[in-house]
Structures are given as C-alpha cells and as structure tokens.
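Descriptive analysis of the structure
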Amino acid sequence: LTHYEDGQPAGSSIYDEYLQYLDDRYNSMMDGIRRQQEAAISRIESQYAQAIDGLEQQRPGIEQRYEDTAQEAYIQNMLAKRDLPQQLAAQGMTGGLSESSQLALEADYGNQTNAARRDYDNNITNLENQIGQVRAAQADAVAAAESSYDSMLRDARAEYLGNLAQYNLQKQLYADEQKKYQDELAWQQKQWDQSLAEYEYQKEQDRIANELAREQWEWQKQYNEQQADREWELQTRKSGRSSGGL
C-alpha cells in the first residue's frame, strides 16, 4: 500500500481513498449477496407455492366426489324406500318384516354414507399430509438457502475485516515511515543549522583576524615611516653640525 511521489511517501489521502474503496466494495458485495439470497428464496417459495396450488386443486374434486357419493346413496335409499312396500307385497311380506326391511335400508344407507365420509376424510387427510410435506420441504429449502448465503455474508465480512486489518497495519507502517522521515529531516536541519552557525562563527573570526592583521600592518607601516623620519632627521642634524665645524 505504500506509495511514493518524487521519492517521498505519498499523502495519507491515498489511504483514505483505499479505505473508501474497501468500504464501497464490502457494501456492494453484501448488497449483492442479500439480493441473491432474496431472489433464491423467492424462487423457492414460488416453486413450492405452485406445488401447493396443484395439490389444493385436488380439494374441490375430493369434496365433489364425496357430495356425489352421498347424494347417490341418498337417492338410492329413497328409491329403495319407495319401492320396498311393493316388493314386500309382491312377496307376501307384511308387519315386522316390513319394519326390519326398513331398518336394513337405513343401516345400508348409513354404511354407505359413513364409507363415503371415511373416504373423504382419508383423501383430505392425505392431501393435507402432502401439503404439509411440501411446506416442510419448502422450509428446509429456504433454511438451506439462508444458511448458504449467510455463510457467504460471513465470508465477505471476514474478508473485509482482514483487508481492514491489513489497511490499518500498512497505514501504521506509513505513519512510522513518515515520523522516521521527519525525524531524519529534523536531524539534518539541526546539523545544517549547526554547520551554518559554525561557518558564520569561523567567518566572523576570520574577519576579526583579518581586521587585526590589517590594523597591525597599518601600525607597522606608520612605525616604519616614523622611524625613517627620525633617522633622516638625525642624519640631517649630523650633516649640519659637520658643515658648521668646518
């Protein structure tokens, strides 16, 4: 992650941009996985809803068969009751036999209606069981899809946290490099300032030494001139006395 511009570490804005990239990528991945999860669950629910609808379409037929069977048994019972007196009369049966025959017809009718009801209840129970099995399979399929996509969400989260940890490490290393670089610059500046101060001090000392040498030279020049003047004056005086004695 460390970048350099003109030989120097790049600004922290690079790390801010990378962090924004990590956040955007993570949010995009999470949103994408959630949308896939919702779409998968929607497809599952739609498929199983169609299966349940197909089973539910059997319910009216079961009810209609029951009603038809019950109605047919009722009609047969009523016809049998209507025709029973004539049948018994033709056979010469009256009294108790007639009553027992009536009871037999009612018992037969009850058995038919009970059988029709049992068939209806069994068919409805089987239908409900099939619907229940489909709903259970749907719940299992939805749970499996949720678990699969939840695992993908956890993996995406783990990847993001790993990248974030790496980002923080690189950013800390960059900060350490920056501090080291600034410390080195400060040390170099200190050395430069110290060298400059020494140079300025030596320059001042040289200036003072040169000034002293110039003053010494001027003094020596004046002294030599004064000595020459004295010697000339002495020579002049000696020459004057010598000329007067003659």
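Residues numbered from 1 in each chain as written. Predicted model: local features only at pLDDT ≥ 70, side-chain atom pairs only at ≥ 80, totals over all residues. Heavy atoms only, no water.

Let's shift gears to the confidence of the model for the chain. The predicted model of the chain has a mean per-residue pLDDT of 86, with 89% of residues at 70 or higher. In this model residues 1-9 is a low-confidence stretch, pLDDT under 50, and it forms 19 contacts with partners more than four residues away in sequence or in other chains. (pLDDT = per-residue confidence, 0-100. Contact = heavy atoms within 4.5 Å.)

As a further point, take a negative patch on the surface. The grouping of Glu 63, Glu 67, Asp 68 and Glu 72 at the surface amounts to a negative patch. Judged by its relative accessible area of 46%, Glu 72 is partly exposed. (Patch = residues over 30% accessible without salt bridge, like charges linked within 9 Å, V, L, I, M, F, W, Y side chains within 5 Å. Areas by Shrake-Rupley, 256 points an atom, 1.4 Å probe, with all protein chains shown as cover. Salt bridge = Lys/Arg side-chain N within 4 Å of Asp/Glu carboxyl O. Lys, Arg positive; Asp, Glu negative; His and termini not counted. Charge placed at Lys NZ, Arg CZ, Asp CG, Glu CD. Buried < 20%, exposed > 50% of the residue type's maximum accessible area, 1.4 Å probe, protein only.)

Compared with the 48 Å implied by 1.5 Å per residue over 33 residues, the 47 Å span of helix α2 (residues 58-90) between its first and last C-alpha is a close match. In the structure, α2 departs most strongly from a straight axis at Asp 83, where the bend amounts to approximately 40° and where the proline Pro 85 lies between one and four residues downstream. Three or more residues of α2 are buried, namely Arg 59, Ile 62, Ala 73, Asn 77, Leu 84 and Leu 88. (Helix = DSSP H or I, 4+ residues; strand = E, 2+ residues; numbered from the N terminus. Expected span 1.5 Å × (residues − 1). Bend = angle between axes of the 7 residues up to and from the residue.)

So, about the environment of Tyr 149. Structurally, Tyr 149 can be placed in helix α3 (residues 96-245). Judged by its relative accessible area of 15%, Tyr 149 falls in the buried class. C-alpha separation for the pair Tyr 149 and Ile 33, spaced 116 residues apart in sequence, amounts to 6.8 Å.

Evaluated as defined, the whole model comprises nine salt bridges. Among the ionic pairs, Arg 59 bridges to Glu 56, the shortest N-O distance being 2.9 Å. In this structure Glu 56 comes out as partly exposed when scored by relative accessible area, which is 29%. When the shortest N-O distance is used, the salt bridge between Glu 204 and Arg 207 registers 2.5 Å. One end of the pair is Glu 204 and the other is Arg 207, both in helix α3 and three residues apart, which spans about a single turn.

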